Every structure is written in structure tokens, then in C-alpha cells.
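Commentary on secondary and tertiary structure
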Amino acid sequence: MENELIKSIVCICHNDGIPEGVGLLINNKHIVTCAHVVAQVIGKEFNDDTIIGSTLNVIVYSSQEPVTLQAKVVKIQPQDDIDFAGLEIVTRQDIESPRNKFLSNNLLSGHQFKVFGFPNYYNNGVWAYGEIRGRQANGLIQVECNASSVYFIKKGFSGAPVWDDNLNGWVGIINKADILQQEDNISMIPKSVGATMVPVSVLYKCWSEVIELATTTEVQYLSQLVEYMQSFPGIVAYIPPNITVTYKTVKPEPFVYKGIKWPSEFDSSVSNKRTNDGYESTEIKNEIEEVISIHSRFVILGDLGAGKTTSLQYTVVKLSQKRLNTGNGLIPVFVDLSDEWIRPSVDNSIGSYSIGLKNLLKKNWTLEAELEEMLANGKAIIFLDGLNEMGSDKIQKRNAIRSWLQGQSSPRYAIFACRNSSYNKKLDLGLPTATIGKLETNSWISIATKLIDQMNKDSDSQINLEDFLNLIRSKEQLSRILSRPYFVGLLVQIYDSSGNIPSTEALILNDFAKIVWERERRQQPDLPDFSVMKTIMGNLAFLLISGQKFTVSYSEIVQETIGFFNQFFKQNEVSTLNKVIKACVQADLLKNEGNNYKFLDEFYMDYFAACHMVDNPTKIPKLPDANNVYVPELWTKPVSYFYYLLPEEEEILLNVVKILVTLNPFIATESILVLDSRLKHCNFLVENLLKLLEKPCSTYLKRVLLLAFKKLVLNPTTKLSKFLTTRKLICIKNLWLHGFQANYA
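This write-up is about the structure you can find in this document. (Residues numbered from 1 in each chain as written. Predicted model: local features only at pLDDT ≥ 70, side-chain atom pairs only at ≥ 80, totals over all residues. Heavy atoms only, no water.)

Once that is clear, we can look at helix α7 (residues 308-326). An ideal rise of 1.5 Å per residue puts 27 Å on 19 residues; α7 measures up with 27 Å between its terminal C-alpha atoms. Among all positions in α7, only Lys308, Ser311, Leu312, Gln313, Thr315, Val316, Val317, Leu319, Ser320 and Arg323 are buried. With its phi angle positive at about 80°, glycine 327 sits one or two positions after the end of α7. (Helix = DSSP H or I, 4+ residues; strand = E, 2+ residues; numbered from the N terminus. Expected span 1.5 Å × (residues − 1). Buried < 20%, exposed > 50% of the residue type's maximum accessible area, 1.4 Å probe, protein only.)

Okay, structure coming up:
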């Protein structure tokens, strides 16, 4: 067995033939290894742009005799929790390489493994044996060598592919070994034999165009899907929400596939509302499964934090468990539409995006059966999350999705999730919609109870439920926030750490971010303080929203960040940036997907973008457009957080608002309305607001300006009346004197 496996091994060596690490020969051209191995051999830093294209020597063992070849670096991802490099052989040589496929499986704990490396003085390589323990917080897999193993994982094993004896396949590559302490003089057994492995799921995302995944059994696929979904805290405390389903009874005829017509989403029924193009009907359901039984394809809508994603994940778990327990039912597939769409070309044709969509769907499917056929025949059901998170080319992607839904191999069951405010003509799929309702009082109490019970059981926390509930009830302004389950979870964690409960979304996110960052700093004392992290993440969030993107590559982060933060990074800029990014991933603020990063939740992206605007007010969304749109849709949430994150010091606050008045009068006046008690009287603001009243603007903005003016001056009626008469703004004067005072006082 070992002799056959050695044919897949590659030795990454220096020019003098001394081994540095190991790689896996994917095919006769490509090699997978660790980024730090490549950097050591080439003698360059990770951030050096010239590392891509650099060449190095590799020894392959697929032929009868070892052969030394040259390979160039074509992919690299130098993060501790990824540590990936892809090499391409450039020497012309016939190589008898096995076609190696990785096994993507999250259920590896307890499996026996073997790994081949080149430690010092063993240039021909040695085998080490051990057991896979489990996943760490950063996504790496912990492995440990058996005490009976003659050799242990140490320097020279980096990049070595890990063979799982239970599954008979490659499941990852070694990226780091614990430092071996001095051997015990009596037993001569090293005191540390642990190491970490980069799992296949990460490797595949880094180089999916080259790496192939071996098929898994249905039990393996469903089991790891359940394990992955249950890792999200919202699943533990899930409460099925009320769902209002809305659909029109007059629809275009659906595509007929092999004589089968899917009628459920077009059923006629007793209608209760007449529209211009047919009849509209509504139904109330308690769970997504109930909706699926009537509408096989629909879009689930909800506000940010309402539980759209959690509802999809909960349904995936239920369907997977049903299939595992009974062998019957639909096989679920979960797809994140904010993931990078792999396209064969960069053109904007529907065909190119359609191929990209199919590639995206296949990334989440590891069974041998064809996913397209399983979906078309109604044997599988697909859940597609983040319809509103598809980036600046969302229209092209929407068109590809619509083409897929109407095509010859259209899916029988397809459930989409989208933010309510974003589901407009640009994203409309022509499907029925199901809107998630707000939590009732009993529901949010049930969620809080479940979360607190879980935290008290799994950690040292001893939260008193009644004390928590009483504090919540004492803050009336929290009622709207508690209607969304996401914030219930955040409040529990904030209360556990500080005994405090903030009263606005922005302050809740601010306190939570501080708590998780301080938690990381206790584990890694060399991390910078919260203000530095907030500045880095703020810049990243602002870049993403400005570019209408939800993911960003590591190279883009380095390019956009280094130089912007010179005041923080006097030396080792990339090293410090890497530490912050890694810590944010471990703190569940960021999520890494191969070479790309995204904020784990939109909330964090909006919050950090707001922080960035507070520190850099000139970057606030500029003056309204011709349609009097004072805040573009994608900036609505960051701006709403912005008001509550403004500085406490009155002088600094006034300076920020002075800048805002000239850039965006709407945001400036809203800031004044929210924070009038801190702004007090300011002649500069008064004069600028009066000038704005003379400019063409909507009636609503005039009203807002007048109200802001009233809050800033001591005797608003007299001053306004005099000003408006002088400027002959009689219409606005009448609005103020006869209606506005009474309505808005």
C-alpha cells in the first residue's frame, strides 16, 4: 500500500537537493503543497509579487526511479489557516502520475492516517502514523502521531498529503507541527507529537479548477452536511417563525420536462386580492417544509437578522436527518450565492454566467449522481442563500438563475433567500415569495432560554435567565430589535461578558465586536488593540460596499490595505495584517473561503463600514441624485448605524457634522435629529441648514431640515419666520407656521 502511495508524493527541495517539504502530485502537471515551504525554498516573502512565476526543484517518484524536475508557482495563499501553494511542472517529462482525487469529509475524528515526509537526515523519506482528532476553531484539523510510530511529524513534513486509512483517500495536507520538546531520558518518547492539517474543503476552494474531489457515499454526504449546519449557534435555539406566502395565480406556463409539468407554483386557488395581471393569494405557514409542500420553488424574504439563513439551514438539517433515518425524502443541497462564481471566461454573456452557476452548484455536491439530473427529477432539493449578496454583477447572475429555472433541466425544488428590501426588479425571479414574520415575545424568550441553557452547559457561564429578561424588559427601545433572532443571540453573549445590554443595533454590534476581539487578545497578547482592528475592518467593509462586493481576495486586501495603515504598521506590515485577518476569522467576524474572505454576517460589514465613515466623514455617501435619493440602498444600514457611533466629545462631533452638511444634508440633519442634545446651539450648522432650504429639494427633506433647525436654535419660530420672509420663501413659511409646528413639535 505504502509503495503505491509514494508514487503520488513529491519532494520540494532546494537547489542542492536538500528537502524542505512535501507535495501531492495531482496529475502529470500540477502539485499541491504549503505556501511556507515554497517561500523557504525560493527565499522570498509571501507578499512579494514575484513569488508567482518563480521556479524551484521537485522530485517525483511516480516512475521507477526518482526524477528531478522544475516547477513554477502558479497559486499561493500564505495564511496560517490556509497555507496553500499550487505548482505547475514546466520540465518536459513523461510522468506516470496517478489521477489523485481528494476526499472532502468533515467526519474524520478517530480515523487512522499515514503521512510521508522528509525530516532532517532522511532524504529518502519516512512514514509517520497516527490518528485524526478533530477540527480546531480556525478550521484546521488536529492530528496526532501514535506513540508506537517510529517517526513523528516535524520539519520536513510540511505540505505532506494525509492518507485516511478508514476512507482510503487523501483528506488534506500537513501545514504545521508542534515543536517537539526534549525527549524523555527514560522512555525516549517525544513530549509533543501533534500537528495540524489543512482540510480538503479549503484546498478545493483555493484551486478548484485543478483539484478534483472523489465522490462520497450518501451517508457521508448527509452526515457532514448535518454536522456543518449544526455548528451554527442559531440552529440550537431555532424557533419556527410564521411565514406569509404570497403568489399570483396567473403565471406563465412552466417548462414541461419529459412530459412532466410542475404545476404547484402555478396552482389556481380562491383569490383574495385582484392585481393588474391576475389574482394574488396569501397563506400563513409555520415552517419552510410546509411551504415546500405547496410551492416547490419560491423566494423566502426577511429583514436583516430575521432568520432567513437559519431557517434554510434548519430545514437542510431536518431533511438530511429524515433521509439518514428512513432512507426516504429529498437530498438537500446548500449553496451560498455570495461565493465566487467560477466562470470559464470573463465576458458578461448569460452563457458564461450560466456555466459559472453550474460550477458553483457542483462545488457543494460530492455524490456520484449528476446534480442537474437529481434536481430535475425531483430527487434533490436545493437551497440558495444570499440572493442579494451576489455583488455588482448581480443582474447578470440573476439572468443566469432565471435561465436555469426556465431551462430544459430546471430544478423541481429550489428555495432562495433574499433580504426583503433588496428584492426588486433587479433580482425578481418570477417566483412566489414567503416572508418571515417578526418574533413574538414568547418566541424571543424561548430563543434566549435555549441559548443561555446551552452556554451554561458548555462553558463556565452561569447566566441567570430572570436577571437577563428583567434587564431586557427595562429597555423599551429594544422591542423592535428583539423581533429578530440574530440580535437575541448577540445580547445573550454581551450580557454574559459584561452584564450590560446596549439599546441600539449599532451599539450592540459595537459591544459584541469589542468582546470577541478582547477574547482573541487574551489568547494572543501580540494582537493590536480594538481601535486598530476596527480601522482595518472598517476600510475593508467600506471597500466591499463601495464596490458592491461581498467577497475579496487576500491579494486585494494586501493591495488596498498596506500603505493605508502606515500609522499602525511601522514594520512588518503584512505580518500584522495577517494576524488581524486570522484573528477576525477565529472570532467569527470574517469567513475565509479558499483565497477569498467575506464578513460572516452582513451586520458586521455594515457596522464596520459605519465605523470607517465616522473616522473618515468625507467618505459619507455624497449629495442626493436627481431623484432625491439621499442614501443609496446599499448604504442605508451603514448610515443608520453611523448616527449612533458618532464621537461623544462635542467638539469632535460638531466638526464631523459640519463636514456632513456640505456633503449630504439628509445624513447631516438626521444626525442632528438623533443627537440634538449633544450638538446644542451651533451657528455654523444653523446658517448652512438655512442655505439648504433655498435649494431645490423634496418636501420631505424640507421638513427634516426645518425640524433639525428647530432643535438647534433657541427661538426657532421667530428666526425662521424672519428668514423665510426675507428670502420670500412664503410656501415654506406657511408649512412651518400652520402645519409643521403642530405635527412635529
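After that view of the structure, there is still more to cover.
Glancing now at the sheet that holds strand β5 (residues 67-77). Strand order in the closed barrel made by the six strands is β1-β2-β3-β6-β5-β4, with antiparallel pairing throughout. When strand polarity is set aside, the average angle formed by the axes of neighbouring strands in this sheet is 40°. Relative to strand β6 (residues 84-89), strand β3 (residues 30-33) is paired through four bridges, and the arrangement is antiparallel. Its bridge partner being in β6, histidine 30 is matched across the sheet by glutamate 88. (Pairing = 2+ DSSP bridges. Axes fitted to C-alpha atoms, helices over the stretch in contact; angles between N-to-C directions.)

At a minimum axis separation of 10 Å, helix α13 (residues 485-498) and helix α14 (residues 505-523) run at an interaxial angle of 50°. One finds that α13 runs oblique with respect to α14. Remark: the crossing between α13 and α14 carries left-handed chirality. Of the residues in α14, those in contact with Phe487, Leu490, Leu491, Gln493, Ile494 and Ser497 of α13 are Glu505, Ile508, Leu509, Asp511, Phe512, Ile515 and Arg519. Grouping the amino acids of the contact of α13 with α14 by side-chain chemistry returns eight nonpolar, two polar and three charged. (Parallel < 35°, antiparallel > 145°, perpendicular 65-115°, else oblique. Left-handed = near helix turned anticlockwise from the far one by under 90°. Contact = heavy atoms within 4.5 Å. Nonpolar A, V, L, I, M, F, W, Y, C, P; charged D, E, K, R; others polar.)

As a further point, take the sheet that holds strand β26 (residues 590-593). Read across the sheet, three strands follow the order β25-β27-β26 without closing on themselves; strand pairing throughout is antiparallel. Edge positions in the open sheet fall to β25 (552-553) and β26, since each of these has one partner strand only. In this structure, β25 lies alongside strand β27 (residues 596-599), joined through two bridges in antiparallel fashion. Residue pairing in the sheet places valine 552 in a bridge with tyrosine 597 of β27.

This part takes up the pairing of strand β8 (residues 112-117). Of all six residues making up β8, five are buried, and the element is well covered by its neighbours. Judged from the six bridges that link them, β8 and strand β9 (residues 126-135) form a sheet pairing that is antiparallel. Residue pairing in the sheet places lysine 114 in a bridge with tyrosine 129 of β9. Relative to strand β11 (residues 161-164), β8 runs antiparallel, the two sharing three bridges. What sits directly across from phenylalanine 113, in β11, is aspartate 164.

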